[in-house]
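Chain by chain, the residues:
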Amino acid sequence: MRLLIVEDEKRLALSLAKGLTAEGFAVDVVHDGVDGLHQASEGTYDLVILDIMLPGMNGYRVCATLRAAGHDVPILMLTAKDGEYDEAEGLDTGADDYLTKPFSYVVLVARVKALLRRRGPAGASPVHVVGDLKVDTAARRVFLGDDETVLTAKEFSVLEQLVVRAGEVVSKADILDHVWDFAYEGDPNIVEVYISTLRRKLGAEVIRTVRGAGYRLEAR
């Protein structure tokens, strides 16, 4: 699989490239946003690791431009801890996940592999149908029957974790790990808040609580 790293901290970029190459990936590296957009648009990549604070064009714009052009490549955003990253903005521009610097290399590799597993085999449909619920993970749109249901970026990300594993039990910890920062130290009950909101919008019977285990998305 081919990965693209867009990171202006050259030592970090080269270190990541070396490690990911050792994991068996083919890795390209660029150091500014304009080159990153060009490479991601022209190349065939399975995943892009994209820093936010880049010369030429920031990561938000790179991500938004790729999505507007129809590119559905998974994007893992990187950000420093000095507050320039707004999680909602990052997800709204189409990012699939993010990591806050400094991060563990082991965690980065785990996130990369999780995003690649989520995408599935080349050519796999991004549209998941569970009963009368249809979720398009590429376009980030949700339909109940013929009617579209509007979700916030965070609501969609929580639903996505359930729909790609429809019929399986997804733990609260899994949802936290994939939708929130791995270093999230807030109230883990935030997941319950979003599950409650999704039930109001999609129907209470769609998401079942499996006591002591997590949540399961079912056809209604």
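Computed from a predicted structure; not experimentally measured.

Novice: For the sheet that holds strand 12 (residues 214-217), give the residues involved together with the corresponding values.
Specialist: The strand order across the open sheet built from three strands is 10-12-11, with neighbouring strands paired in antiparallel fashion. Where the open sheet ends on each side, the last strands, each with one partner, are strand 10 (169-170) and strand 11 (207-210). By the bridge criterion, four bridges tie strand 11 to strand 12 in an arrangement that is antiparallel. Bridged to Arg-208 within strand 12 is Arg-216. Contacts between helix 6 (residues 153-163) and the sheet are confined to strand 10, strand 11 and strand 12, with strand 12 contributing the most and set at about 75° to the helix. In the packing of helix 8 (residues 190-202) onto the sheet, the strands contacted are strand 11 and strand 12, and the crossing angle to strand 11 comes to about 145°.

Novice: Quick one: what's the story with the nonpolar core, residue by residue and with numbers?
Specialist: Membership of the largest hydrophobic core comes to 23 residues, with the highest contact counts inside it found for Leu-133, Val-142, Leu-159, Leu-162, Ile-175, Ile-207 and Leu-217. A per-element tally of this core places helix 6 first, with five residues. Not counting the four nearest positions on each side in its chain, Val-142 is found in contact with Leu-133, Lys-134, Val-135, Asp-147, Glu-148, Thr-149, Leu-151, Phe-156, Leu-159 and Leu-202. Core analysis: the second largest hydrophobic core is formed by 20 residues, Leu-4, Val-30, Leu-37 and Cys-63 among them.

Novice: Provide a residue-level description of the side chain of Asp-96, including the pertinent values.
Specialist: Within the secondary structure, Asp-96 is located in the loop between helix 4 (87-92) and strand 5 (97-100). In terms of polar contacts, Asp-96 uses its side chain to reach the side chain of Arg-67, at 2.8 Å. Polar side-chain contacts of Asp-96 include one of 2.8 Å to the backbone nitrogen of Ile-75. With near-sequence residues (within four places) excluded, Asp-96 lies in contact with Arg-67, Val-73, Pro-74, Ile-75, Leu-115 and Arg-118.

Novice: I'd like to hear about the packing of aromatic side chains, residue by residue, with values.
Specialist: Using the criterion set out here, one finds zero aromatic pairs in the structure. Its end group placed over the ring of Tyr-45, Arg-2 keeps NZ or CZ at 4.5 Å from the ring centre. Over the aromatic face of Phe-143 sits the side chain of Lys-134, whose NZ or CZ is 5.2 Å from the ring centroid.

Novice: Summarise helix 6; cite the residues concerned and give the values.
Specialist: A large share of helix 6 lies buried, amounting to eleven of its eleven residues. Among the residues of helix 6, those classed as buried are Ala-153, Lys-154, Glu-155, Phe-156, Ser-157, Val-158, Leu-159, Glu-160, Gln-161, Leu-162 and Val-163.

Novice: A description of the sheet that holds strand 6 (residues 127-130) should follow, citing residues and the corresponding values.
Specialist: The antiparallel open sheet is built from four strands, whose spatial order is 6-7-8-9. One side of each edge strand has no neighbouring strand; the edge strands of this open sheet are strand 6 and strand 9 (147-149). Within this sheet the neighbouring strands show an average axis-to-axis angle of 25°, counted without direction. In terms of strand pairing, strand 7 (residues 133-136) meets strand 8 (residues 141-144) through four bridges, oriented antiparallel. Looking at the pairing, Lys-134 lines up with Phe-143 of strand 8. Of the strands in this sheet, strand 6, strand 7 and strand 8 are in contact with helix 6, which crosses strand 7 at around 110°. Across the sheet, helix 8 lies against strand 7, strand 8 and strand 9, angled at about 50° from strand 8, the strand it touches most.

Novice: Can you tell me about the pattern of salt bridges, naming the residues and giving the values?
Specialist: In a structure, side chains of opposite charge can pair up when their charged atoms sit close to one another. Taken as a whole and judged by the stated rule, the model has 14 salt bridges. Between Lys-101 and Asp-51 there is a salt bridge, and its shortest N-O distance comes to 3.3 Å. A residue pair is termed long-range when its members are at least 10 positions apart, and Lys-101 in the loop between strand 5 and helix 5 (105-119) and Asp-51 in strand 3 (residues 47-51) qualify at 50 residues. Each member of the pair Lys-101 and Asp-51 is classed as buried. With a shortest N-O distance of 2.8 Å, Glu-155 and Lys-201 are connected by a salt bridge. Here Lys-201 lies in helix 8 and Glu-155 lies in helix 6, a separation of 46 residues in the sequence. On the accessibility criterion, Glu-155 (6% relative accessible area) is buried. By sharing partners, the salt bridges in this structure join Glu-7, Glu-9, Asp-51 and Lys-101 into a single network.

Cut-offs used in this document
- Residues numbered from 1 in each chain as written.
- Predicted model: local features only at pLDDT ≥ 70, side-chain atom pairs only at ≥ 80, totals over all residues.
- Heavy atoms only, no water.
- Pairing = 2+ DSSP bridges.
- Helix = DSSP H or I, 4+ residues; strand = E, 2+ residues; numbered from the N terminus.
- Contact = heavy atoms within 4.5 Å.
- Axes fitted to C-alpha atoms, helices over the stretch in contact; angles between N-to-C directions.
- Core = buried A, V, L, I, M, F, W, Y, C linked by side-chain atoms within 4.5 Å.
- Buried < 20%, exposed > 50% of the residue type's maximum accessible area, 1.4 Å probe, protein only.
- Polar contact = N/O pair within 3.5 Å; in protein donor to acceptor, adjacent residues only side chain to side chain.
- Phe/Tyr/Trp six-rings, centres within 6.5 Å; stacked < 30°, edge-to-face > 60°.
- Lys NZ or Arg CZ within 6 Å of the ring centre and 35° of its normal.
- Salt bridge = Lys/Arg side-chain N within 4 Å of Asp/Glu carboxyl O.

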